[in-house]
Amino acid sequence: MTPQAAGTEPNAATPLHLQIYSRYKSLIVRGRMAPGERVPSLRVLAVELGVARGTVEAAYDRLIGEGYLVAKGPAGTFVADKAGSAAAVPARRARAARATPAAPPARHDSMGFYEDGKPPLLQMGLPALDAFPRKLWTRLLARHARTATALTRPPAAGLPALREALADYLHRSRGIEAHAQQIFILPAYTAALGLVAQTLLRRGDSCWIETPGFPPTSHVLAQLGYRLARIPLDEQGLDVAHGRDRHPGARLAVVTPSHQSPTGITMSLARRNALLDWAGEHNAWIMEDDYDGEYRYRGHPLPALKSLDRVDRVLYCGTLSKVLFPGLRLAYLVVPESQREAFGAACLRTLHGGCPELFQAVAADFIREGHFARHIKRMRTLYARRRAMLADALAPYLGHGLSLELRDGGMHLLIGLPDHLDDVALARRGREAGYGLQALTDWRDGEPGRRGLMVSFTNVATPVQARELVANLMAALQLPAAAPPGKTTGPGRRAPA
Ligand SMILES: Cc1ncc(COP(=O)(O)O)c(C=O)c1O
(Lines give C-alpha, C1' and ligand atoms only; values in the text may rest on other atoms or scores of the structure.)
Protein backbone atom coordinates (compact mmCIF):
# COMPACT_ATOMS: atom_id res chain seq x y z
CA MET A 1 0.00 0.00 0.00
CA THR A 2 1.23 3.49 -0.75
CA PRO A 3 0.49 6.59 1.30
CA GLN A 4 -1.67 7.75 -1.62
CA ALA A 5 -3.70 4.58 -1.45
CA ALA A 6 -4.51 5.52 2.13
CA GLY A 7 -6.31 8.55 0.74
CA THR A 8 -4.33 11.29 2.46
CA GLU A 9 -3.65 14.60 0.78
CA PRO A 10 -0.17 16.12 0.62
CA ASN A 11 0.42 19.09 2.85
CA ALA A 12 2.69 21.72 1.32
CA ALA A 13 3.91 23.06 4.70
CA THR A 14 5.51 19.77 5.80
CA PRO A 15 8.69 18.47 4.09
CA LEU A 16 7.95 15.55 1.78
CA HIS A 17 10.06 12.97 3.59
CA LEU A 18 8.20 13.77 6.83
CA GLN A 19 4.84 13.42 5.08
CA ILE A 20 5.83 9.98 3.77
CA TYR A 21 7.20 9.01 7.18
CA SER A 22 4.07 10.01 9.07
CA ARG A 23 1.68 8.41 6.61
CA TYR A 24 3.46 5.05 6.79
CA LYS A 25 3.71 5.31 10.54
CA SER A 26 -0.01 5.95 10.77
CA LEU A 27 -0.84 3.03 8.42
CA ILE A 28 1.26 0.70 10.57
CA VAL A 29 0.00 1.98 13.92
CA ARG A 30 -3.63 1.78 12.79
CA GLY A 31 -3.10 -1.80 11.65
CA ARG A 32 -3.74 -0.95 8.01
CA MET A 33 -0.36 -2.49 7.18
CA ALA A 34 0.37 -5.78 8.91
CA PRO A 35 3.68 -7.17 10.18
CA GLY A 36 5.50 -8.86 7.35
CA GLU A 37 3.92 -6.75 4.66
CA ARG A 38 6.41 -5.46 2.15
CA VAL A 39 6.58 -1.73 1.45
CA PRO A 40 7.26 -0.55 -2.10
CA SER A 41 10.89 -0.25 -3.19
CA LEU A 42 12.52 3.19 -3.04
CA ARG A 43 12.41 3.46 -6.81
CA VAL A 44 8.78 2.42 -7.19
CA LEU A 45 7.48 4.71 -4.47
CA ALA A 46 9.58 7.64 -5.69
CA VAL A 47 8.09 7.24 -9.19
CA GLU A 48 4.57 6.78 -7.83
CA LEU A 49 4.73 9.87 -5.65
CA GLY A 50 6.74 11.92 -8.12
CA VAL A 51 9.51 12.66 -5.60
CA ALA A 52 13.26 12.09 -5.53
CA ARG A 53 14.46 8.66 -4.45
CA GLY A 54 16.45 10.32 -1.62
CA THR A 55 13.21 11.72 -0.19
CA VAL A 56 11.69 8.24 0.14
CA GLU A 57 15.00 6.95 1.50
CA ALA A 58 15.02 9.58 4.25
CA ALA A 59 11.48 8.58 5.26
CA TYR A 60 12.27 4.84 5.26
CA ASP A 61 15.50 5.42 7.22
CA ARG A 62 13.56 7.13 9.95
CA LEU A 63 10.87 4.40 10.01
CA ILE A 64 13.64 1.77 10.21
CA GLY A 65 15.39 3.74 12.93
CA GLU A 66 12.20 3.91 14.98
CA GLY A 67 11.52 0.19 14.53
CA TYR A 68 8.45 0.39 12.28
CA LEU A 69 10.22 -1.10 9.26
CA VAL A 70 13.00 -3.64 8.84
CA ALA A 71 15.30 -3.63 5.80
CA LYS A 72 16.17 -7.11 4.51
CA GLY A 73 18.65 -6.24 1.78
CA PRO A 74 17.68 -7.30 -1.73
CA ALA A 75 14.50 -9.03 -0.41
CA GLY A 76 13.06 -5.60 0.34
CA THR A 77 11.83 -3.59 3.32
CA PHE A 78 9.05 -4.95 5.55
CA VAL A 79 6.75 -3.86 8.33
CA ALA A 80 8.35 -5.01 11.58
CA ASP A 81 6.57 -7.13 14.14
CA LYS A 82 6.12 -5.82 17.67
CA ALA A 83 9.58 -7.05 18.70
CA GLY A 84 11.13 -4.93 15.97
CA SER A 85 12.20 -7.73 13.63
CA ALA A 86 10.83 -8.44 10.19
CA ALA A 87 7.88 -10.74 10.78
CA ALA A 88 8.01 -14.05 9.02
CA VAL A 89 4.43 -13.73 7.77
CA PRO A 90 4.27 -13.63 3.99
CA ALA A 91 2.55 -10.49 2.74
CA ARG A 92 -0.34 -12.43 1.22
CA ARG A 93 -1.10 -14.13 4.53
CA ALA A 94 -0.72 -10.82 6.31
CA ARG A 95 -3.34 -9.31 4.02
CA ALA A 96 -5.63 -12.29 4.52
CA ALA A 97 -5.23 -11.96 8.28
CA ARG A 98 -6.48 -8.39 8.07
CA ALA A 99 -9.61 -9.62 6.34
CA THR A 100 -10.59 -12.02 9.17
CA PRO A 101 -13.23 -11.07 11.73
CA ALA A 102 -10.50 -9.97 14.14
CA ALA A 103 -9.50 -7.10 11.81
CA PRO A 104 -9.91 -3.55 13.09
CA PRO A 105 -13.29 -2.11 12.11
CA ALA A 106 -13.41 -0.58 8.66
CA ARG A 107 -14.71 2.97 8.50
CA HIS A 108 -17.84 3.19 6.43
CA ASP A 109 -21.23 4.79 6.40
CA SER A 110 -24.60 3.12 6.50
CA MET A 111 -24.80 2.78 2.70
CA GLY A 112 -21.55 0.88 2.47
CA PHE A 113 -19.20 3.57 1.24
CA TYR A 114 -15.92 2.81 2.94
CA GLU A 115 -13.32 5.46 3.00
CA ASP A 116 -10.27 3.21 3.15
CA GLY A 117 -11.37 0.95 0.27
CA LYS A 118 -11.65 -2.07 2.56
CA PRO A 119 -15.20 -3.44 2.68
CA PRO A 120 -16.74 -4.36 6.01
CA LEU A 121 -17.73 -7.97 6.70
CA LEU A 122 -21.08 -9.19 5.30
CA GLN A 123 -21.32 -5.93 3.31
CA MET A 124 -24.53 -5.73 1.33
CA GLY A 125 -24.38 -5.23 -2.40
CA LEU A 126 -20.84 -6.51 -2.80
CA PRO A 127 -20.36 -9.43 -5.21
CA ALA A 128 -18.02 -12.32 -4.34
CA LEU A 129 -14.67 -10.59 -4.72
CA ASP A 130 -12.73 -13.86 -4.48
CA ALA A 131 -14.63 -15.36 -7.43
CA PHE A 132 -14.11 -12.52 -9.89
CA PRO A 133 -12.01 -13.70 -12.88
CA ARG A 134 -9.24 -11.19 -12.39
CA LYS A 135 -6.77 -12.81 -14.79
CA LEU A 136 -9.25 -12.78 -17.62
CA TRP A 137 -10.27 -9.21 -16.84
CA THR A 138 -6.62 -8.13 -16.82
CA ARG A 139 -6.04 -9.82 -20.16
CA LEU A 140 -8.95 -7.92 -21.69
CA LEU A 141 -7.74 -4.75 -20.03
CA ALA A 142 -4.29 -5.19 -21.55
CA ARG A 143 -5.86 -5.77 -24.97
CA HIS A 144 -7.52 -2.37 -24.81
CA ALA A 145 -4.98 -0.42 -22.77
CA ARG A 146 -3.36 1.17 -25.80
CA THR A 147 -6.21 1.60 -28.19
CA ALA A 148 -9.06 2.52 -25.86
CA THR A 149 -7.19 4.97 -23.67
CA ALA A 150 -8.63 7.85 -25.63
CA LEU A 151 -7.36 11.21 -24.45
CA THR A 152 -10.53 12.86 -25.60
CA ARG A 153 -13.92 12.58 -23.93
CA PRO A 154 -15.82 9.34 -24.43
CA PRO A 155 -19.12 9.48 -26.33
CA ALA A 156 -21.69 11.00 -23.96
CA ALA A 157 -24.25 8.22 -24.45
CA GLY A 158 -21.68 5.46 -23.96
CA LEU A 159 -19.31 3.42 -26.10
CA PRO A 160 -21.22 1.96 -29.10
CA ALA A 161 -19.59 -1.47 -28.58
CA LEU A 162 -20.91 -1.66 -25.03
CA ARG A 163 -24.37 -0.41 -25.97
CA GLU A 164 -24.56 -3.10 -28.65
CA ALA A 165 -23.26 -5.87 -26.37
CA LEU A 166 -25.84 -4.89 -23.74
CA ALA A 167 -28.68 -4.80 -26.29
CA ASP A 168 -27.87 -8.43 -27.22
CA TYR A 169 -27.47 -9.52 -23.62
CA LEU A 170 -30.71 -7.87 -22.48
CA HIS A 171 -32.60 -9.47 -25.32
CA ARG A 172 -31.28 -12.93 -24.58
CA SER A 173 -31.39 -12.90 -20.81
CA ARG A 174 -33.98 -10.35 -19.69
CA GLY A 175 -36.41 -10.52 -22.63
CA ILE A 176 -35.92 -6.84 -23.46
CA GLU A 177 -36.09 -5.76 -27.08
CA ALA A 178 -34.17 -2.54 -27.48
CA HIS A 179 -31.83 -1.03 -30.07
CA ALA A 180 -28.36 -0.11 -28.92
CA GLN A 181 -29.36 3.54 -29.43
CA GLN A 182 -31.95 3.19 -26.68
CA ILE A 183 -29.24 2.21 -24.20
CA PHE A 184 -27.27 4.84 -22.29
CA ILE A 185 -24.18 4.17 -20.21
CA LEU A 186 -23.91 5.94 -16.87
CA PRO A 187 -21.64 5.66 -13.86
CA ALA A 188 -24.33 4.50 -11.43
CA TYR A 189 -27.99 3.80 -10.81
CA THR A 190 -28.34 7.16 -9.06
CA ALA A 191 -27.03 8.94 -12.17
CA ALA A 192 -29.60 7.05 -14.27
CA LEU A 193 -32.42 7.97 -11.90
CA GLY A 194 -31.37 11.62 -11.89
CA LEU A 195 -31.23 11.63 -15.68
CA VAL A 196 -34.69 10.05 -15.96
CA ALA A 197 -36.27 12.49 -13.52
CA GLN A 198 -34.64 15.55 -15.04
CA THR A 199 -35.49 14.51 -18.59
CA LEU A 200 -39.10 13.42 -18.08
CA LEU A 201 -40.43 15.25 -15.01
CA ARG A 202 -40.98 18.79 -13.85
CA ARG A 203 -39.62 19.94 -10.50
CA GLY A 204 -42.16 19.30 -7.77
CA ASP A 205 -43.71 16.30 -9.56
CA SER A 206 -44.64 13.44 -7.30
CA CYS A 207 -42.95 10.02 -7.51
CA TRP A 208 -44.05 6.68 -6.09
CA ILE A 209 -41.27 4.95 -4.20
CA GLU A 210 -41.31 1.54 -2.58
CA THR A 211 -41.42 1.55 1.20
CA PRO A 212 -39.16 0.12 2.48
CA GLY A 213 -36.83 0.84 -0.42
CA PHE A 214 -33.24 1.52 -1.46
CA PRO A 215 -32.38 4.81 0.33
CA PRO A 216 -30.49 6.46 -2.57
CA THR A 217 -33.75 6.48 -4.56
CA SER A 218 -35.50 8.79 -2.10
CA HIS A 219 -32.32 10.81 -1.50
CA VAL A 220 -31.77 11.54 -5.20
CA LEU A 221 -35.41 12.43 -5.92
CA ALA A 222 -35.74 14.62 -2.82
CA GLN A 223 -32.45 16.38 -3.54
CA LEU A 224 -33.57 17.17 -7.08
CA GLY A 225 -36.81 18.70 -5.83
CA TYR A 226 -39.39 15.96 -6.48
CA ARG A 227 -42.10 14.98 -4.02
CA LEU A 228 -41.99 11.49 -2.57
CA ALA A 229 -45.11 9.36 -2.37
CA ARG A 230 -44.21 6.38 -0.18
CA ILE A 231 -46.12 3.31 -1.34
CA PRO A 232 -46.35 0.22 0.89
CA LEU A 233 -45.71 -3.35 -0.29
CA ASP A 234 -47.57 -6.58 0.17
CA GLU A 235 -46.63 -10.12 -0.84
CA GLN A 236 -47.23 -9.24 -4.52
CA GLY A 237 -44.96 -6.20 -4.46
CA LEU A 238 -45.82 -2.50 -4.74
CA ASP A 239 -49.41 -1.81 -3.67
CA VAL A 240 -50.57 -0.16 -6.90
CA ALA A 241 -54.15 0.29 -5.65
CA HIS A 242 -52.81 2.29 -2.68
CA GLY A 243 -50.81 4.49 -5.04
CA ARG A 244 -53.79 5.07 -7.33
CA ASP A 245 -55.95 5.89 -4.35
CA ARG A 246 -53.66 8.23 -2.43
CA HIS A 247 -51.29 9.63 -5.04
CA PRO A 248 -53.08 9.42 -8.40
CA GLY A 249 -51.20 12.34 -9.93
CA ALA A 250 -47.71 10.88 -9.57
CA ARG A 251 -45.54 11.06 -12.69
CA LEU A 252 -43.01 8.34 -11.93
CA ALA A 253 -42.93 5.02 -10.06
CA VAL A 254 -39.54 3.62 -9.11
CA VAL A 255 -39.68 -0.14 -8.56
CA THR A 256 -37.47 -3.22 -8.10
CA PRO A 257 -39.81 -5.90 -9.49
CA SER A 258 -37.42 -8.87 -9.86
CA HIS A 259 -36.31 -8.83 -6.26
CA GLN A 260 -37.64 -5.95 -4.23
CA SER A 261 -34.88 -4.10 -2.44
CA PRO A 262 -34.67 -4.94 0.45
CA THR A 263 -37.53 -7.40 1.13
CA GLY A 264 -36.77 -9.73 -1.81
CA ILE A 265 -40.45 -9.88 -2.85
CA THR A 266 -40.97 -10.66 -6.54
CA MET A 267 -43.66 -8.47 -8.10
CA SER A 268 -46.49 -10.71 -9.33
CA LEU A 269 -47.58 -10.67 -12.95
CA ALA A 270 -50.96 -9.21 -11.96
CA ARG A 271 -49.21 -6.36 -10.13
CA ARG A 272 -46.88 -5.73 -13.07
CA ASN A 273 -49.86 -5.43 -15.35
CA ALA A 274 -51.66 -3.14 -12.87
CA LEU A 275 -48.61 -0.88 -12.75
CA LEU A 276 -48.33 -0.77 -16.55
CA ASP A 277 -52.07 0.03 -16.78
CA TRP A 278 -51.67 2.91 -14.33
CA ALA A 279 -48.70 4.32 -16.27
CA GLY A 280 -50.56 4.01 -19.58
CA GLU A 281 -53.71 5.70 -18.25
CA HIS A 282 -51.88 8.56 -16.50
CA ASN A 283 -49.04 9.11 -18.96
CA ALA A 284 -46.73 8.37 -16.08
CA TRP A 285 -43.32 6.66 -16.21
CA ILE A 286 -41.98 3.56 -14.51
CA MET A 287 -38.32 3.22 -13.61
CA GLU A 288 -37.39 -0.44 -13.24
CA ASP A 289 -34.29 -0.87 -11.11
CA ASP A 290 -33.12 -4.38 -12.03
CA TYR A 291 -30.04 -4.25 -9.84
CA ASP A 292 -29.66 -7.99 -9.22
CA GLY A 293 -32.33 -9.64 -11.37
CA GLU A 294 -29.75 -12.14 -12.65
CA TYR A 295 -29.55 -13.83 -9.28
CA ARG A 296 -32.38 -16.22 -8.70
CA TYR A 297 -31.78 -19.56 -7.05
CA ARG A 298 -34.96 -21.41 -7.91
CA GLY A 299 -36.15 -21.72 -11.48
CA HIS A 300 -35.10 -19.25 -14.15
CA PRO A 301 -34.57 -15.51 -13.68
CA LEU A 302 -37.88 -13.80 -14.43
CA PRO A 303 -38.14 -11.63 -17.52
CA ALA A 304 -37.86 -7.93 -16.76
CA LEU A 305 -40.95 -5.74 -16.36
CA LYS A 306 -39.61 -3.83 -19.37
CA SER A 307 -40.20 -6.97 -21.49
CA LEU A 308 -43.96 -6.55 -20.86
CA ASP A 309 -43.93 -2.83 -21.64
CA ARG A 310 -46.86 -2.61 -24.07
CA VAL A 311 -47.40 1.07 -23.15
CA ASP A 312 -43.77 2.06 -23.80
CA ARG A 313 -43.52 3.82 -20.46
CA VAL A 314 -40.80 1.74 -18.73
CA LEU A 315 -37.22 2.89 -18.26
CA TYR A 316 -35.02 -0.02 -17.36
CA CYS A 317 -31.84 0.37 -15.33
CA GLY A 318 -29.21 -2.31 -14.82
CA THR A 319 -25.78 -2.11 -13.26
CA LEU A 320 -22.50 -3.96 -13.74
CA SER A 321 -21.78 -3.44 -10.02
CA LYS A 322 -23.39 -6.71 -8.97
CA VAL A 323 -22.31 -9.08 -11.72
CA LEU A 324 -18.83 -7.62 -12.17
CA PHE A 325 -17.70 -5.27 -9.39
CA PRO A 326 -18.90 -1.94 -7.96
CA GLY A 327 -15.53 -0.25 -8.42
CA LEU A 328 -16.19 -0.36 -12.17
CA ARG A 329 -18.89 2.35 -11.90
CA LEU A 330 -20.85 1.30 -14.97
CA ALA A 331 -24.64 1.19 -15.13
CA TYR A 332 -27.01 1.32 -18.10
CA LEU A 333 -30.39 2.74 -18.84
CA VAL A 334 -32.80 1.50 -21.52
CA VAL A 335 -35.30 4.15 -22.56
CA PRO A 336 -38.50 3.87 -24.64
CA GLU A 337 -37.91 4.29 -28.36
CA SER A 338 -39.94 7.52 -28.27
CA GLN A 339 -37.49 9.03 -25.76
CA ARG A 340 -34.23 8.09 -27.48
CA GLU A 341 -33.48 11.54 -28.82
CA ALA A 342 -34.46 13.35 -25.64
CA PHE A 343 -32.06 11.17 -23.65
CA GLY A 344 -29.32 11.51 -26.25
CA ALA A 345 -29.52 15.28 -25.81
CA ALA A 346 -29.81 15.02 -22.02
CA CYS A 347 -26.63 12.92 -21.86
CA LEU A 348 -24.69 15.84 -23.30
CA ARG A 349 -25.72 17.90 -20.27
CA THR A 350 -25.08 15.40 -17.47
CA LEU A 351 -23.02 16.51 -14.53
CA HIS A 352 -20.74 13.48 -14.55
CA GLY A 353 -19.56 13.85 -18.16
CA GLY A 354 -19.50 10.20 -19.27
CA CYS A 355 -17.72 6.98 -18.28
CA PRO A 356 -14.10 6.03 -19.04
CA GLU A 357 -13.77 4.43 -22.45
CA LEU A 358 -11.23 1.82 -21.39
CA PHE A 359 -13.54 0.11 -18.91
CA GLN A 360 -16.48 0.32 -21.28
CA ALA A 361 -14.42 -1.39 -23.99
CA VAL A 362 -13.33 -4.15 -21.61
CA ALA A 363 -16.90 -4.67 -20.33
CA ALA A 364 -18.12 -4.86 -23.95
CA ASP A 365 -15.65 -7.67 -24.75
CA PHE A 366 -16.47 -9.42 -21.51
CA ILE A 367 -20.11 -9.56 -22.50
CA ARG A 368 -19.61 -10.21 -26.23
CA GLU A 369 -17.19 -13.10 -25.70
CA GLY A 370 -19.62 -14.89 -23.38
CA HIS A 371 -17.64 -14.43 -20.16
CA PHE A 372 -20.45 -12.40 -18.63
CA ALA A 373 -23.08 -15.12 -19.10
CA ARG A 374 -20.66 -17.79 -17.86
CA HIS A 375 -19.73 -15.70 -14.84
CA ILE A 376 -23.39 -15.17 -13.92
CA LYS A 377 -24.03 -18.90 -14.19
CA ARG A 378 -21.09 -19.69 -11.92
CA MET A 379 -22.11 -17.01 -9.44
CA ARG A 380 -25.67 -18.34 -9.26
CA THR A 381 -24.36 -21.71 -8.09
CA LEU A 382 -21.82 -20.14 -5.75
CA TYR A 383 -24.32 -17.73 -4.19
CA ALA A 384 -26.91 -20.47 -3.68
CA ARG A 385 -24.23 -22.32 -1.67
CA ARG A 386 -23.08 -19.27 0.25
CA ARG A 387 -26.64 -18.25 1.01
CA ALA A 388 -27.29 -21.69 2.51
CA MET A 389 -24.06 -21.47 4.55
CA LEU A 390 -25.02 -18.16 6.09
CA ALA A 391 -28.61 -19.28 6.70
CA ASP A 392 -27.36 -22.40 8.46
CA ALA A 393 -24.93 -20.38 10.56
CA LEU A 394 -27.78 -18.07 11.60
CA ALA A 395 -30.18 -20.94 12.42
CA PRO A 396 -29.15 -21.35 16.09
CA TYR A 397 -29.96 -17.68 16.72
CA LEU A 398 -33.49 -17.82 15.34
CA GLY A 399 -36.49 -18.00 17.62
CA HIS A 400 -37.33 -15.53 20.41
CA GLY A 401 -38.67 -13.26 17.70
CA LEU A 402 -35.67 -13.52 15.33
CA SER A 403 -36.62 -14.97 11.96
CA LEU A 404 -35.00 -15.48 8.59
CA GLU A 405 -36.67 -14.76 5.29
CA LEU A 406 -35.15 -16.89 2.58
CA ARG A 407 -36.33 -15.53 -0.76
CA ASP A 408 -35.66 -16.98 -4.17
CA GLY A 409 -33.14 -14.43 -5.31
CA GLY A 410 -30.82 -11.62 -4.36
CA MET A 411 -27.52 -11.19 -2.61
CA HIS A 412 -28.52 -10.70 1.01
CA LEU A 413 -30.61 -12.17 3.81
CA LEU A 414 -33.12 -10.30 5.90
CA ILE A 415 -33.19 -11.16 9.59
CA GLY A 416 -36.56 -10.21 11.04
CA LEU A 417 -36.40 -8.77 14.57
CA PRO A 418 -39.05 -8.50 17.27
CA ASP A 419 -40.52 -5.04 17.85
CA HIS A 420 -38.67 -4.45 21.10
CA LEU A 421 -35.26 -4.62 19.37
CA ASP A 422 -34.06 -1.37 17.82
CA ASP A 423 -32.72 -2.37 14.38
CA VAL A 424 -31.13 1.05 13.77
CA ALA A 425 -29.12 0.87 17.00
CA LEU A 426 -28.17 -2.76 16.33
CA ALA A 427 -27.01 -1.97 12.79
CA ARG A 428 -24.93 0.90 14.13
CA ARG A 429 -23.39 -1.34 16.75
CA GLY A 430 -22.64 -3.94 14.09
CA ARG A 431 -21.02 -1.36 11.85
CA GLU A 432 -18.84 -0.17 14.68
CA ALA A 433 -17.65 -3.76 15.07
CA GLY A 434 -16.76 -3.93 11.36
CA TYR A 435 -19.92 -5.52 9.90
CA GLY A 436 -21.75 -3.89 6.99
CA LEU A 437 -25.23 -4.24 8.47
CA GLN A 438 -28.28 -2.32 7.30
CA ALA A 439 -31.45 -1.69 9.33
CA LEU A 440 -34.87 -2.08 7.74
CA THR A 441 -36.10 1.05 9.57
CA ASP A 442 -33.38 3.13 7.86
CA TRP A 443 -34.81 1.98 4.52
CA ARG A 444 -38.12 3.58 5.46
CA ASP A 445 -36.42 6.83 6.43
CA GLY A 446 -37.06 6.04 10.08
CA GLU A 447 -40.83 5.54 9.77
CA PRO A 448 -42.18 2.88 12.14
CA GLY A 449 -42.81 -0.61 10.78
CA ARG A 450 -41.26 -4.05 10.72
CA ARG A 451 -37.77 -4.26 12.10
CA GLY A 452 -34.95 -6.20 10.59
CA LEU A 453 -31.28 -6.41 9.67
CA MET A 454 -29.83 -7.12 6.25
CA VAL A 455 -26.64 -9.10 5.77
CA SER A 456 -24.92 -10.21 2.62
CA PHE A 457 -23.81 -13.80 2.07
CA THR A 458 -21.83 -13.25 -1.12
CA ASN A 459 -18.38 -13.13 0.48
CA VAL A 460 -18.89 -15.94 2.99
CA ALA A 461 -16.48 -18.56 1.66
CA THR A 462 -16.86 -21.60 3.94
CA PRO A 463 -19.30 -22.98 6.54
CA VAL A 464 -16.61 -22.54 9.21
CA GLN A 465 -16.12 -18.90 8.27
CA ALA A 466 -19.89 -18.39 8.22
CA ARG A 467 -20.26 -19.78 11.74
CA GLU A 468 -17.34 -17.70 13.01
CA LEU A 469 -18.63 -14.51 11.41
CA VAL A 470 -22.13 -15.05 12.76
CA ALA A 471 -20.90 -15.93 16.26
CA ASN A 472 -18.74 -12.78 16.38
CA LEU A 473 -21.51 -10.64 14.94
CA MET A 474 -24.10 -11.93 17.39
CA ALA A 475 -21.69 -11.41 20.26
CA ALA A 476 -21.13 -7.82 19.11
CA LEU A 477 -24.91 -7.32 18.91
CA GLN A 478 -25.43 -9.12 22.23
CA LEU A 479 -27.95 -11.48 20.65
CA PRO A 480 -27.48 -14.94 22.17
CA ALA A 481 -28.13 -18.24 20.39
CA ALA A 482 -31.61 -19.63 20.99
CA ALA A 483 -30.65 -23.18 20.08
CA PRO A 484 -27.40 -25.15 20.44
CA PRO A 485 -25.00 -24.35 17.54
CA GLY A 486 -24.98 -26.98 14.80
CA LYS A 487 -28.74 -27.04 14.37
CA THR A 488 -29.51 -26.34 10.74
CA THR A 489 -33.09 -25.11 10.74
CA GLY A 490 -34.18 -22.60 13.28
CA PRO A 491 -37.70 -22.24 14.51
CA GLY A 492 -38.08 -18.80 12.97
CA ARG A 493 -36.93 -19.75 9.47
CA ARG A 494 -39.58 -19.26 6.85
CA ALA A 495 -39.92 -21.27 3.69
CA PRO A 496 -39.12 -19.38 0.47
CA ALA A 497 -42.00 -17.11 -0.42
C1 LIG B 1 -31.48 -1.43 -5.07
C2 LIG B 1 -30.22 -1.08 -5.80
N3 LIG B 1 -30.31 -0.43 -6.96
C4 LIG B 1 -29.21 -0.08 -7.66
C5 LIG B 1 -27.95 -0.38 -7.20
C6 LIG B 1 -26.77 -0.03 -8.06
O7 LIG B 1 -26.03 0.97 -7.61
P8 LIG B 1 -24.70 1.39 -8.38
O9 LIG B 1 -25.02 1.47 -9.83
O10 LIG B 1 -24.39 2.73 -7.77
O11 LIG B 1 -23.66 0.41 -8.04
C12 LIG B 1 -27.81 -1.05 -5.99
C13 LIG B 1 -26.47 -1.31 -5.47
O14 LIG B 1 -26.25 -1.64 -4.33
C15 LIG B 1 -28.97 -1.42 -5.27
O16 LIG B 1 -28.88 -2.09 -4.11
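Engineer: For this particular structure, what's the right way to read the packing of aromatic side chains?
Structural biologist: The description of an aromatic ring pair uses the distance of the two centres, along with the angle that the planes make with each other. If you walk through the whole model with that rule in mind, you get 14 aromatic pairs. Residues Phe132 and Phe325 carry aromatic rings whose centres are separated by 5.1 Å and whose planes lie at 70° to one another, so their mutual orientation is edge-to-face. On the criterion of sequence distance, the pair formed by Phe132 in the loop between helix H4 (91-98) and helix H5 (134-145) and Phe325 in the loop between strand E9 (314-319) and strand E10 (331-334) is long-range, its members being 193 residues apart. Considering the side-chain rings of Tyr169 and Phe372, the 4.9 Å spacing of their centres and the 90° angle between planes classify their relative orientation as edge-to-face. Of the two residues, Tyr169 is situated in helix H6 (residues 160-174) and Phe372 in helix H13 (residues 371-394); the sequence distance between them amounts to 203 residues. Classification of Tyr169 as buried rests on a relative accessible area of 4%. Grouped by ring-pair contacts, the aromatic residues Phe132, Trp137, Phe325 and Phe366 constitute a single cluster. Against the face of Phe184 rests Arg163, its NZ or CZ located 5.1 Å from the ring centre. Over the ring of Trp285 we find Arg313, and its NZ or CZ is 3.7 Å from the ring centre.

Engineer: Explain the pairing of strand E14 (residues 451-456) here, please?
Structural biologist: On a regular strand, one side chain projects to one face of the sheet and the next to the other, so that they alternate. Of all 6 residues making up E14, 5 are buried, and the element is well covered by its neighbours. Note: strand E12 (residues 412-417) against E14, 6 bridges, orientation antiparallel. Paired with Leu414 across the bridge in E14 is Met454.

Engineer: Where do I start with the pairing of E12 in this structure?
Structural biologist: Judged by how many residues are buried, E12 sits mostly within the fold: 6 of 6 residues are covered. Neither face of E12 is exposed, since His412, Leu414 and Gly416 on one face and Leu413, Ile415 and Leu417 on the opposite face are all buried. Where strand E11 (residues 403-405) and E12 come together, 3 bridges link them in antiparallel fashion. Bridge assignment links Glu405 to a residue of E12, and that residue is Leu414. Linking two consecutive strands that pair antiparallel, namely E11 and E12, is a turn of 6 residues; a positive phi of about 90° is found at Gly410 within it.

Engineer: Whenever I open this one, helix H12 (residues 357-368) confuses me. Can you help?
Structural biologist: At 3.6 residues per turn, the α-helix brings residues three or four places apart onto the same side. An ideal rise of 1.5 Å per residue puts 16 Å on 12 residues; H12 measures up with 16 Å between its terminal C-alpha atoms. Counting buried positions along H12 gives 9 out of 12 residues, so the element sits mostly inside the fold. Listed in full, the buried residues belonging to H12 are Glu357, Gln360, Ala361, Val362, Ala363, Ala364, Asp365, Phe366 and Ile367. The secondary structure elements touched by the buried residues of H12 are H5, H6, strand E3 (183-186) and H13. Gly370 occupies a position one or two residues after H12 and carries a positive phi of about 90°.

Engineer: Would you mind going over the nonpolar core with me for this structure?
Structural biologist: Side chains of nonpolar character tend, in soluble globular proteins, to be buried together. Formed by 74 residues in total, the largest nonpolar core has its most connected members in Leu162, Tyr332, Phe372, Tyr383, Leu390 and Leu413. Counting residues per element, this core draws most heavily on H13, at 10 residues. Split by domain, the residues of this core number at least three in each of domain 2 (151-370) and domain 3 (374-495). Residue contacts for Tyr332: discarding those within four places in its chain leaves Leu166, Tyr169, Leu170, Ile183, Phe184, Ile185, Glu294, Tyr316, Cys317, Gly318, Thr319 and Leu320. One finds Ala157, Ala191, Leu201 and Phe343 within the second-largest nonpolar core, a separate group that totals 28 residues.

Engineer: Would you explain the sheet that holds strand E5 (residues 227-234) in this entry?
Structural biologist: Consider a sheet: its strands pair through backbone hydrogen bonds, and that pairing is either parallel or antiparallel. The strand order across the open sheet formed by 8 strands is E3-E10-E9-E8-E7-E4-E5-E6, and the pairing between neighbours is mixed. Edge positions in the open sheet fall to E3 and strand E6 (237-238), since each of these has one partner strand only. One ladder, built from 4 bridges, connects strand E8 (residues 285-289) with E9; its direction is parallel. When the sheet's bridge partners are listed, Met287 is paired in E9 with Leu315. In the packing of helix H7 (residues 189-200) onto the sheet, contacts are made with E3, strand E7 (252-255), E8, E9 and E10, and the angle to E8 comes to roughly 175°.

Parameters at a glance
- Residues numbered from 1 in each chain as written.
- Predicted model: local features only at pLDDT ≥ 70, side-chain atom pairs only at ≥ 80, totals over all residues.
- Heavy atoms only, no water.
- Phe/Tyr/Trp six-rings, centres within 6.5 Å; stacked < 30°, edge-to-face > 60°.
- Helix = DSSP H or I, 4+ residues; strand = E, 2+ residues; numbered from the N terminus.
- Buried < 20%, exposed > 50% of the residue type's maximum accessible area, 1.4 Å probe, protein only.
- Lys NZ or Arg CZ within 6 Å of the ring centre and 35° of its normal.
- Pairing = 2+ DSSP bridges.
- Expected span 1.5 Å × (residues − 1).
- Contact = heavy atoms within 4.5 Å.
- Core = buried A, V, L, I, M, F, W, Y, C linked by side-chain atoms within 4.5 Å.
- Domains from an automatic or database assignment.
- Axes fitted to C-alpha atoms, helices over the stretch in contact; angles between N-to-C directions.

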